[in-house]
Amino acid sequence: AAKIVKEEVEPNVARMKVVERALRDMFEEVKADYDGGKFEVVCEKADPKVPDPEEEQEGEGGNETTPQPTDVTCYVTLNFQDDGCEIRVECEEERQGMMVQDCLRQVAGAMQPVKV
């Protein structure tokens, strides 16, 4: 018979892994620091000021701009406490910061104990 070995994992590390998985499902790149309770989340942002190189080559004005993706990094800090977790998101772009915060809010809601 096969023996199942359970690996002892600190509860906060297990929570961090759940958060990391959720962030990876939604965002391009995620770097995790389990010891520090921190994440770097790379989001894509459209930059409307970059001209479209194809339009410039065709000579059709070249003044039109096409949004070009640029990266925005958001920094997430999780501070686990006895009665919950404080989540802080810092980001240069408000829209991307709100997207990261919304993802974390959903994860936090899903991690709450279920009462019957």
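Above: the structure in question.
Bear in mind that the values here come from a model prediction, so they are computed numbers and not experimental data.

Asks: I'd like to hear about the pattern of salt bridges, residue by residue, with values.
Replies: Within the structure shown, the criterion is met by 4 salt bridges. Ionic pairing is found between glutamate 20 and arginine 24, a salt bridge with its closest N-O pair at 2.8 Å. Pair noted here: glutamate 20 and arginine 24 are both in helix α1 (residues 11-26), with a separation of 4 residues, about one helical turn. Overall, the relative accessible area of 11% leaves glutamate 20 in the buried class.

Asks: Which residues make up helix α3 (residues 94-110), and what are the values?
Replies: With 17 residues, α3 should reach 24 Å at 1.5 Å per residue; the first-to-last C-alpha distance of 24 Å fits that figure. If you check which residues of α3 are buried, you get Gln96, Gly97, Val100, Cys103, Leu104 and Val107. The buried residues of α3 occupy one face: seen down the axis, they fall within an arc of 125°. Along α3, the residues that are exposed and aim more than 90 degrees away from the buried face are Glu94, Arg95, Arg105 and Gln106.

Asks: So what's going on with the packing of α1 against α3? Which residues, and what values?
Replies: The interhelical angle for the contact between α1 and α3, taken along N-to-C directions, is 135°, at an axis separation of 10 Å. By the angle between their axes, α1 is oblique relative to α3. Both α1 and α3 take part in a crossing whose hand is right-handed. Across the interface between the two elements, Val18, Val19, Ala22, Leu23 and Met26 from α1 touch Met99, Val100, Cys103, Leu104 and Val107 from α3. Tallied by class, residues from the contact of α1 with α3 come to 10 nonpolar, no polar and no charged.

Asks: Now, about the state of the cysteines: what can you tell me, with residues and values included?
Replies: Taken as a whole, this structure holds 1 disulfide when the rule is applied. In this model, cysteine 74 is linked to cysteine 91 through a disulfide, with the two sulfur atoms separated by 2.2 Å. Looking along the S-S bond of the cysteine 74-cysteine 91 disulfide, the torsion reads about -50°, which is the left-handed sense. Here cysteine 91 lies in strand β4 (residues 84-91) and cysteine 74 lies in strand β3 (residues 68-81), a separation of 17 residues in the sequence. The class for cysteine 74 is buried, based on a relative accessible area of 0%.

Asks: Please set out the side chain of glutamine 96 residue by residue, giving values where relevant.
Replies: Within the element layout of this structure, glutamine 96 appears in helix α3. Contacts of glutamine 96, omitting those with residues within four sequence positions, involve Cys43, Glu44, Lys45, Val72, Cys74 and Cys91.

Reading the values: rules and limits
- Residues numbered from 1 in each chain as written.
- Predicted model: local features only at pLDDT ≥ 70, side-chain atom pairs only at ≥ 80, totals over all residues.
- Heavy atoms only, no water.
- Salt bridge = Lys/Arg side-chain N within 4 Å of Asp/Glu carboxyl O.
- Helix = DSSP H or I, 4+ residues; strand = E, 2+ residues; numbered from the N terminus.
- Buried < 20%, exposed > 50% of the residue type's maximum accessible area, 1.4 Å probe, protein only.
- Expected span 1.5 Å × (residues − 1).
- Arc of directions from axis to C-beta.
- Axes fitted to C-alpha atoms, helices over the stretch in contact; angles between N-to-C directions.
- Parallel < 35°, antiparallel > 145°, perpendicular 65-115°, else oblique.
- Left-handed = near helix turned anticlockwise from the far one by under 90°.
- Contact = heavy atoms within 4.5 Å.
- Nonpolar A, V, L, I, M, F, W, Y, C, P; charged D, E, K, R; others polar.
- Disulfide = S-S within 2.5 Å.

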